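# A closer look at the structure
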Amino acid sequence: MTEMNIVEKIMARASGKKQVHPGDIIEAKIDKAMMNDITGPLAIEAFREMDGKKVWDKDRAIIVLDHLVPADSAQSANMHKILRDFAVEQDLKYFYDVGRGGVCHQMMMENHAKPGEMIVGADSHTCTYGAVGAFSTGIGSTDIAAVFVTGKLWFKIPKVINIVVKGKLNPPVAPKDLILYTIGQFKADGATYMGVRFAGEVIQNMSVDGRMTLCNMVVEMGAKNGIVEPDDKTAEYLKGRKLVPYEFVKGDADAEYDKTVEYNASKFEPMVACPPSVDNVKPISEIGKVEINQALLGSCTNGRLEDLRIAAGILKGKKVKKSVRALVIPASQDVYQAALREGLLETFVESGVLVCGPNCGPCYGGHLGLLAAGETCVSSTNRNFVGRMGSPKAMVYLASPATVAASAISGRITDPRHLEG
Amino acid sequence: MMMDIKGKVIKYGDSVNTDVIIPSKFLVLIDPKDLAKHAMEGIDPDFSEKVKDRKIIVAGRNFGSGSSREQAPVSLKYAGVQCVLAESFARIFYRNAINIGLPIVECDGISKKVDDGEELEVIPREGLIKNLTKETKLKANPIPDFLLEIMEKGLVEYMKERKVKK
Ligand code: SF4
C-alpha cells in the first residue's frame, strides 16, 4: 500500500476501494448533492428525461434558491416555481426558499458539509466545503440529475498540489489576499483538473470562515477541489453548527503530492485582482489611482460574519463617499441575524450603505446592483470577467472586505492600512 | 454511432469563459433554441453569422472556464456547433459538453496548427483530426471508452440504457 493524501483517502472510501492513484477512474457514492435556481430547472428536466421517479435520498438532495432571490422577473419566478414544486413532489427535507436560506454554498457549510464526505453541487464554487475537510466539487445540470437519480457519479482521481503557507497574515491582510496572491501565481488554468491542499501555520491559525474563502476560489485557477485537513478549529466549527456526528479523514503523513509550493505570508500586502481576469493580481501598492462607483461586500467568497465585522470596524463613524454606492449582502439569514444582533447592520446603514437580504446579489450579473458602461466596482466576490456584473464595459476589481470598506470611504481603491482620518 | 465531423473553423484564443459564451442575463431562458441565439455574444457579436457555414470551434487553453452553467455548451450545440477543439478545457465545461452530447476534443498544439476558416475532419473514436485545407493530421488526446459512449449518446440516454440493463 502506498500512502494516500486526503483527497485520495476520501475518494477511495467513497468508491469502496483500499487504494487509488491519480488518473484512476472511480464511481463514488455521493453523500450530499445540491442544485440552485440557475442550474436546477435544467437538471430537473434531465431528471425526468432519465425516467427519474424518486430522488435517491430525500434527506441528501438539497435545493437552494439564491441567484435571483427574491424573483426579479416572471421568468425567474417560474424557475423558482419549478424547483419549489419538485421539492414538494419529492418531499425533500432541505429546500431553502426565499427568506429562509442564503447563498447555496453558505447553506451547505452551515447545515450540511462534514469532514470526509463526497459532496457535489451544480455550481462551480461547490469547492468551498474543503474548508471542513470534505471533498466537494462543482458539476453541471445533467450530472447533478444523474446524482439525484442514482446517488453516484464518476470521477478521475486528481493529482494534488500542496500549498504550504508559513509566517503570519498581518491584519488587515486577510485570507482573500492570500488566495488572490495564489491565483496570481498559478494563473487561471494552473491547477486545471487538480486538487489543491492548503497547509502550514497560517492555515492552522485561520478560522473556518477564512478557509472557506481560500477553498471557494481554487476553481479560479481551474482546480477540481480545495481542501484543508480537519483540526481543532474544524471541530469547534462543527460543534457550533451542530454538525454532528462526524469523523475526520486525514491524509497520510508521507503522502505524495504532484508538487509542493511554499509561501511566506508575513510580508504580504493587500492584493487586488484587476479586470478582466481573476489571475491579473497585483499588490495594492502597484495599482495606482482607481476611482470607483460601487463597493460590494458579499457572496460565497466573503459575505460571512467575520467579513462583515471587519468592514463594519472600518466604516464605524465614517461615511461612504458621495460618489460611491456601497452594498452589503450577508451570505445567509444566520449571518444577517448575527450581524443585526451585533449592531453591524446599524453601522452600515449609518454609513450610507444599502444592506440587502441574503442572496447572490450582482456577483454574477443577475440583479441588485449591476454596473453601467464605464463604471468601476471594487468587490469582495470571486470573478471579474468581462460583463460579469452588468455592462461588458464595466470594470470589476476583486479585493478583501477590508479593502472594499476602505475604498467605499475614500472613493478609490484604497489600502486599508493607509486609510486617512 | 457518432457521425464523423467535417466543417470549417471559427477560431478563438485562450480562456474563453462561460460568462462570455452565454452571459448571465440569458440564463432565465429555458428553451435551448433561445439560448442558441445568444451564444458567444459576450465575446463575438458576429458569431451567429459565422456559425451559419462554420461549425467547428478551435480555441486555445482553458476553454469554458468559470461557472458550471450547462447553458454554455447547450447554447453552442443548438447554435449548430458540431465540435469544439481546444488545447485544454475547464473541467466542468468538459463534463457538461460530453453529457449533453457536444463533441469536444483536447489536442495539444491545435491553436498553432489550425487557422480560421480552414476545413477539418474530426474522428473522436480514433483520436484523429485531419486538416483538409493544409492536408495534415493531428493526434487528439485520448478519451476513455465510457466517455466516448456518453459523448455519442448524451448522459440522459446513457443513464436510461444503464438502468434498463441493471
Ligand atoms: S455568490 Fe456569486 S459566486 Fe457565489 S454562488 Fe452566488 S453567484 Fe456564484
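Keep in mind it's a predicted model, so treat the numbers as computed, not measured.

### Details of the overall build of chain B
A tally of helices and strands in chain B yields eight helices and seven strands. Computed over the C-alpha atoms, the radius of gyration of chain B is 15 Å, within 12% of the 15 Å expected from 2.2 N^0.38 for a compact globule of 166 residues. Principal-axis analysis of the C-alpha atoms places the extent of chain B at approximately 45 × 35 × 25 Å. For chain B, restricting intrachain contacts to residue pairs at least 6 apart in sequence, the fraction spanning at least 24 positions comes to 66%. Of the roughly 7000 Å² of accessible surface on chain B, a fraction of 51% belongs to carbon and sulfur atoms. Side-chain charges in chain B split into 28 positive and 26 negative, and the spacing between the mean points of these groups amounts to 4 Å.

### A look at the packing of aromatic side chains
With the rule as written, the count across this model stands at twelve aromatic pairs over all chains. Measuring from centroid to centroid gives 6.0 Å for B:Phe89 and B:Tyr94, while their planes differ by 45°, and the two rings are tilted. Accessibility classification places B:Phe89 together with B:Tyr94 in one group, the buried group. Among the aromatic residues, those joined into a cluster by ring pairs are A:Phe47, A:Trp56, A:Phe86 and A:Phe148. Stacked on the ring of A:Trp154, the Lys or Arg B:Arg95 has its end atom at 4.1 Å from the ring centre. Here the guanidinium or amino end of B:Arg95 rests over the ring plane of A:Phe155, the centre of that ring lying 5.6 Å away.

### Considering the site of the ligand
Residues and elements named next belong to chain A. Close to the ligand lie His67, Val103, His105, Asp123, His125, Ser299, Cys300, Cys360, Cys363, Tyr364, Asn382 and Arg388, which account for all nearby residues. With respect to the detected pockets, the ligand is housed in the largest cavity. Each residue belonging to the shell around the ligand can be placed in one class, and the counts come to five nonpolar, five polar and two charged. Split by domain, the residues of the shell around the ligand number at least three in each of domain 1 (6-263) and domain 2 (272-418).

### Some thoughts on helix H13 (residues 344-351) of chain A
Residue and element names in this part refer to chain A. Buried residues of H13: Leu344, Leu345, Thr347, Phe348 and Ser351, and no others. Projection of H13 onto a plane perpendicular to its axis shows the buried side chains occupying an angular sector of 160°, all on one side. Exposed side of H13, more than 90 degrees from the buried face: Glu346 and Val349 are the residues found there. Elements that come into contact with the buried residues of H13 comprise strand E14 (294-298), helix H11 (305-315), strand E15 (325-329), helix H12 (333-341) and strand E16 (353-355).

### Observations concerning the sheet that holds strand E11 (residues 259-264) of chain A
Residue and element names in this part refer to chain A. If you trace the four strands from one edge of the open sheet to the other, you get E10-E9-E8-E11, paired in parallel fashion. Taken across any chain shown, the strands that pair with only one partner, and hence form the sheet edges, are strand E10 (225-228) and E11. Recorded for the sheet is a direction-independent mean angle of 20° between the axes of neighbouring strands. For strand E8 (residues 160-166) and E11, the ladder comprises six bridges, and the chain directions are parallel. Counted as the bridge partner of Lys166 is Asn264 from E11. Running over the sheet, helix H6 (residues 175-186) touches E8, strand E9 (195-199) and E11 and is turned about 130° from E11. Sheet strands touched by helix H8 (residues 208-216): E9 and E10. Its angle to E10, the strand with the most contacts, is close to 150°.

### Let's talk about empty space enclosed by the protein
All names here are of chain A. A complete count under the given rule lists five cavities of 30 Å³ or more for this structure. By volume, the largest cavity amounts to about 220 Å³. Every residue lining the largest cavity is counted, 23 residues in all, and those nearest its centre are His67, Asp123, His125, Tyr364 and Arg388. At the level of secondary structure, the elements contributing two or more residues to the lining of the largest cavity comprise helix H4 (104-111) and helix H10 (299-302). Class assignment for the residues of the lining of the largest cavity results in nine nonpolar, ten polar and four charged.

### Considerations on the sheet that holds strand E5 (residues 119-123) of chain B
All names here are of chain B. Spatially, the seven strands line up as an open sheet ordered E4-E3-E2-E1-E5-E6-E7, and their pairing is mixed. On the outer flanks of this sheet lie strand E4 (104-106) and strand E7 (136-139), each paired with one strand and no other. For this sheet, the mean angle separating the axes of adjacent strands, direction not counted, is 30°. Pairing of E5 with strand E6 (residues 128-131) involves four bridges; the strand directions are antiparallel. Note on E6: the bridge partner recorded for Ile123 is Leu128.

What counts and what doesn't
- Residues numbered from 1 in each chain as written.
- Chains lettered and ligands numbered in written order.
- Predicted model: local features only at pLDDT ≥ 70, side-chain atom pairs only at ≥ 80, totals over all residues.
- Heavy atoms only, no water.
- Helix = DSSP H or I, 4+ residues; strand = E, 2+ residues; numbered from the N terminus.
- Rg over C-alpha atoms; globule rule 2.2 N^0.38 Å.
- Contact = heavy atoms within 4.5 Å.
- Areas by Shrake-Rupley, 256 points an atom, 1.4 Å probe, with all protein chains shown as cover.
- Lys, Arg positive; Asp, Glu negative; His and termini not counted.
- Charge placed at Lys NZ, Arg CZ, Asp CG, Glu CD.
- Phe/Tyr/Trp six-rings, centres within 6.5 Å; stacked < 30°, edge-to-face > 60°.
- Buried < 20%, exposed > 50% of the residue type's maximum accessible area, 1.4 Å probe, protein only.
- Lys NZ or Arg CZ within 6 Å of the ring centre and 35° of its normal.
- Near = heavy atom within 4 Å.
- 1 Å grid on protein atoms, 1.4 Å probe; cavity = no way out; pocket = protein on both sides within 12 Å on 5 of 7 lines; lining within 4 Å.
- Sits in = over half its atoms within 2 Å of the grid points.
- Nonpolar A, V, L, I, M, F, W, Y, C, P; charged D, E, K, R; others polar.
- Domains from an automatic or database assignment.
- Arc of directions from axis to C-beta.
- Pairing = 2+ DSSP bridges.
- Axes fitted to C-alpha atoms, helices over the stretch in contact; angles between N-to-C directions.
- Points joined across faces, edges and corners; volume = space filled by probe spheres on them.

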